[in-house]
Amino acid sequence: MSETSHVGDLQLQLRASPHLKAPDSTPTIMWNVVGSLVPVVAAATWFFGPSALLVIGAAIAGAVLTERAFGQAGSLGDGSAAITGLLLGLTLPPGVSLWIAFVGGAFGIGFGKLVFGGLGQNVFNPALLGRAFLQAAFPAAMTTWPAATTEWAQLRGDNFAFPFTTSSVDAVTEATPLGLMKFESTSTDPWSLMIGATGGSLGETAGLLILVCGGYLAVRNYLNWRIPVSILLTVALFSGLLFALDSTRFASPLFALFSGGLILGAMYMATDMVTSPVTNAGAWIFGAGIGILVILIRTWGGLPEGVMYAILLMNALVPFINRATQPTPYGSPGRAPKPGTREAEA
Amino acid sequence: MHARLSFRHGVHPPEHKELTAGVPVRRMPYPEEIVLPLRQHTGKPARPLVEPGDRVERGDKIGEADGFVSVPIHASSAGTVKEIGLWPHPDGSMAEAIRITVDTFSPQIPRPRIIPHWDGLTPDQVVKAVQRAGVVGLGGAAFPTHVKLLPPDDVAVDTLIVNGAECEPYLTTDHRVMTEYPERVQFGIRIMMHTLGVQRAIIGVEKNKPDAIEALRGTLPDDLDVAVQGLTVKYPQGYEKMLIHALTGRDVPPGKLPMHIGVVVQNVASLACIAEVFETGLPLIERVVTVTGPGLRKPSNLIVPVGAKIRDVLEFCGGLADEATEIVFGGPMMGGSQPDLDAPIIKSTTGIVVLTRKESRPRRTYPCIKCGHCLDACPVFLNPSLLGILAQAGRFEEMEEADLATCMLCGCCSYVCPSNIPLSQMFALAKAGAQRRKQQAA
């Protein structure tokens, strides 16, 4: 949008107003999201050893290489492909084969984003779409949760398995807290859940840490805080209601909040700007919908975890939520001052 | 002070008013040539009254108002009419203008004139006097002031709102007028209240100008209900609709004017100008202009004769710094880039801001990521994200359904957009297109 005009030696720029610009750009936002996840990756590595870095790296490689191969020139710089790969990697089990993680990243970018037209055009969160694909294609690999090992450096599964071979390692497995809850009605100590010292996907276990990292993004206005607040409040209220009705059958609210992928999903997946509502009123509705679906799936569905499907389902509703929550323009009858306020008295 | 006096949404661009906020107004010497476009106001351009070769004195009428929504043009300097023809206009176009070669040795004394006493005049007579003096809104819109002074009979105006918000970054024009000439502002308010027959006036000033607020409070009249209100510092606080909302809580319905909700808004500099008309009899031939920006050697507040060329004004302010890249007429949020240093200062020029590469560096544009920051910034509660997508798809009729007409082109959406989408620029084009379609249909 910039032209120049030459006046003697002087070269004057011609631009449309405004001539000032807020400092944040789309790549700034995206790379800040990536940067804010570094502590989460570190925690995953602390809990799950080198497997964590390998799996996350493979997922990022799948996403980034696909973007590079089929995306618009220079689109890697905006950082959105790296986020997709990173977030997908954080939702995978530690022992998954690297090629599966790679395929997930490639699918997420290819079919989750590029077929829609690239950045800003996709309906579904690409990382979750990648994960949904892996869940459908490799159900066993995606639900094998290795037990804690005594040695940190030991791989948590056959990460280097060749495609479509049976695992050569007989991994010792362990149930996740949600699995225990679902199939044995056993709860896990909430403190272990918050810290992340439990079985589960790589980056989903350290709930408190994810809250802090996402909080940073919220403070910088790089994510809409209304979405995680709405999701977590809804989950707390809904699960609290169930827990009050029958505390032997249903999980406690604290367990519901910090188990599975809820915190990561609420902070990082549901807040994906492209696939969440553009209005603030819509953000509240969107979050509440996710919260309700999560508890419904976890409690009465066939799966122990429902965050992924809850977010994907609500992603599909975003255009309708946007339409229903359009702002009321200045001066229109709907904006009349409410009686009793300063504005009505004036 | 009661509840926070402001409006919802808006943005906080860096103000940079410190460059000139404390710099007293100086008078710029007369340049060698003055160029006076016949179109310096909203409405019909003036009709020229002089011929090349004519000798004019400072203050002489050289262009006649063409109809009610129009004002005359006056010579801002003694001299000789050189030419009447097309000349670069600050809006970027070529426009008909009267060029006057300044008489270097003239004492610049205007012809003797009768100064009517405002008190003895009927509202109609005041309106005529204001129109004759060529007074327009000096806040940037340049709407002929007298038009706002004659509300139709079915409209009851109860409040005069005085706009001293000056929310544009860098500009300190109104700031200096309020601080240095508070009595003149108060006198202008008195004339205006008399003419409109209103009992109440509120002066709104952003709180970043404490000296202006103090000066105005110190000169409040005893016999009139005039109040000074400090306002939250936020862009676009000085927009008519935002200001009315902040001070009265009233909103202007679509397609209506502020007078339909009982309010008339005047800029402080316009009021000082009206006061001058009734003090000296001189028409609007000079104005206070802030000449500033990181690309200028000596940022200043100047009294500039209308028609002085950018080139001469910049030279008087020490000239451009080496890193200057862009010259903006008006504030940086709403103003226009100048391609030509020969364009003159006109009645509506609030300032000249010289920017450097740091501010004007081209940035890459990305697709809309639906972050919603523009919705949080829009002071009139539109969905700029949606409007921008519709504009890019060429769906202009749908833009009108999405309340494009409410958009004031304040630029808040473009300012915050992280994808650097030129939203307000697209909206300006779409609005112009809508206007054309309406005219064709009629």
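Keep in mind that what you see is a predicted model, and the values were worked out from it rather than measured.

Conventions used here
- Residues numbered from 1 in each chain as written.
- Chains lettered and ligands numbered in written order.
- Predicted model: local features only at pLDDT ≥ 70, side-chain atom pairs only at ≥ 80, totals over all residues.
- Heavy atoms only, no water.
- Phe/Tyr/Trp six-rings, centres within 6.5 Å; stacked < 30°, edge-to-face > 60°.
- Helix = DSSP H or I, 4+ residues; strand = E, 2+ residues; numbered from the N terminus.
- Buried < 20%, exposed > 50% of the residue type's maximum accessible area, 1.4 Å probe, protein only.
- Pairing = 2+ DSSP bridges.
- Contact = heavy atoms within 4.5 Å.
- Axes fitted to C-alpha atoms, helices over the stretch in contact; angles between N-to-C directions.
- Domains from an automatic or database assignment.
- Buried area = accessible area lost by both parts, 1.4 Å probe.
- Salt bridge = Lys/Arg side-chain N within 4 Å of Asp/Glu carboxyl O.
- Polar contact = N/O pair within 3.5 Å; in protein donor to acceptor, adjacent residues only side chain to side chain.
- Lys, Arg positive; Asp, Glu negative; His and termini not counted.
- Parallel < 35°, antiparallel > 145°, perpendicular 65-115°, else oblique.
- Left-handed = near helix turned anticlockwise from the far one by under 90°.
- Nonpolar A, V, L, I, M, F, W, Y, C, P; charged D, E, K, R; others polar.

A. Broad picture of the packing of aromatic side chains. Residue and element names in this part refer to chain A. Tallying each qualifying case throughout the model produces 7 aromatic pairs over all chains. Here W99 and F138 contribute two aromatic rings whose centre-to-centre distance is 5.2 Å and whose plane-to-plane angle is 90°, an arrangement assigned as edge-to-face. Linking W99 in helix α5 (residues 98-112) with F138 in the loop between α6 (126-137) and α7 (139-142), this pair joins segments that are 39 residues apart in sequence. Residues W99 and F138 agree in their burial class; the two are buried.

B. Quick peek at the sheet that holds strand β17 (residues 351-356) of chain B. Residue and element names in this part refer to chain B. Across the sheet, which stays open at both edges, the 6 strands sit in the order β1-β14-β13-β17-β15-β16 with mixed pairing between neighbours. Only two strands of the sheet have a single neighbouring strand rather than two, namely β1 (25-27) and β16 (336-337). With 2 bridges connecting them, strand β15 (residues 324-329) and β16 associate as antiparallel partners. Residue F329 lies in a different strand from β16, and its bridge partner there is G336. In the packing of helix α3 (residues 173-180) onto the sheet, contacts are made with β1, β13 (286-292) and β14 (300-305), and the angle to β13 comes to roughly 125°.

C. Representation of the environment of Y330 of chain A. Following the sequence through the fold, Y330 of chain A ends up in the loop between α15 (307-324) and α16 (342-345). The sequence separation of Y330 of chain A and I109 of chain A amounts to 221 residues, and the corresponding C-alpha distance is 40 Å. Look past the residues within four positions of Y330 of chain A in its chain and what remains in contact with it is R335 of chain A together with K241, M242, R250, D251, V252, V380, F381 and T406 of chain B.

D. Quick look at the domain arrangement of chain B. Residues and elements named next belong to chain B. Split into domains, chain B comes out as domain 1 (124-280) and domain 2 (373-441). Taking only C-alpha atoms into account, the centre of domain 1 sits 29 Å from that of domain 2. The interface of domain 1 with domain 2 comprises 5 residues on the first partner and 6 residues on the second. Of the roughly 480 Å² buried between domain 1 and domain 2 on both sides combined, carbon and sulfur atoms contribute 74%. It is Y235, Y239 and M242 that lose the most area in domain 1 upon contact with domain 2, and together they represent 68% of the buried surface on that side.

E. Representation of the domain arrangement of chain A. Residues and elements named next belong to chain A. We note that the domain assignment places domain 1 (26-174) and domain 2 (182-325) within chain A. A straight line from the C-alpha centre of domain 1 to that of domain 2 covers 20 Å. Each side of the interface is counted separately: domain 1 has 37 residues, and domain 2 has 32 residues. Taken over both partners, the interface formed by domain 1 and domain 2 buries close to 2800 Å², and the fraction arising from carbon and sulfur atoms is 74%. Linking domain 1 with domain 2 are 0 salt bridges. Between the two partners, domain 1 and domain 2, sit 7 residue pairs in polar contact (both at pLDDT 80 or more). Those elements that provide at least two residues to the side of domain 1 that touches domain 2 are α1 (26-36), α2 (38-48), α3 (50-70), α4 (80-90) and α6.

F. The sheet that holds strand β4 (residues 55-56) of chain B, seen in detail. The 4 strands are arranged β2-β8-β7-β4 (chain B) in an open sheet whose pairing can be described as antiparallel. Pairing within the sheet leaves two strands with one partner each, and these edge strands are β2 (33-37) and β4 of chain B.

G. Fine view of the side chain of K209 of chain B. Residue and element names in this part refer to chain B. Here K209 shows up in the loop between β10 (200-206) and α5 (210-218). Within the buried set, K209 has no salt-bridge partner at all; the shortest N-O distance to an opposite charge, 4.2 Å, is to E206. For K209, the side chain forms a polar contact with the side chain of N208, separated by 3.1 Å. Here K209 is in contact with K17, G164, A165, E166, H175 and M178, once residues within four sequence places are set aside.

H. Spatial organisation of the packing of α6 of chain A against α15 of chain A. Residues and elements named next belong to chain A. Interaxial distance between α6 and α15 falls to 10 Å at its minimum, and their mutual angle equals 125°. One way to sum up the angle between α6 and α15 is to call them oblique. As for the relative orientation of α6 and α15, their crossing is left-handed in sense. Between α6, through L128, L129, R131, A132 and Q135, and α15, the contact on the second element is made entirely by M308, Y309, I311 and L312. Considering only residue class, the contact of α6 with α15 consists of 7 nonpolar, 1 polar and 1 charged.

I. Just the pattern of salt bridges, in detail. Under the criterion given, the structure shown has 27 salt bridges over all chains. Note that E305 of chain A and R298 of chain A form a salt bridge whose closest N and O atoms lie 2.7 Å from each other. Residue E305 of chain A is classed as partly exposed on the basis of its relative accessible area, which comes to 22%. R99 of chain B serves as the salt-bridge partner of E33 of chain B, at 3.1 Å between the closest nitrogen and oxygen.

J. Local environment of the interface of chain B and chain A. In this complex, chain B contributes 70 residues to the contact, which on the side of chain A involves 46 residues. There are 1 salt bridge connecting chain B and chain A. Across the salt bridge formed by E326 of chain B and R15 of chain A, the nearest N and O atoms sit 2.8 Å from each other. The residue makeup of the side of chain B that touches chain A, split by class, is 36 nonpolar, 21 polar and 13 charged.

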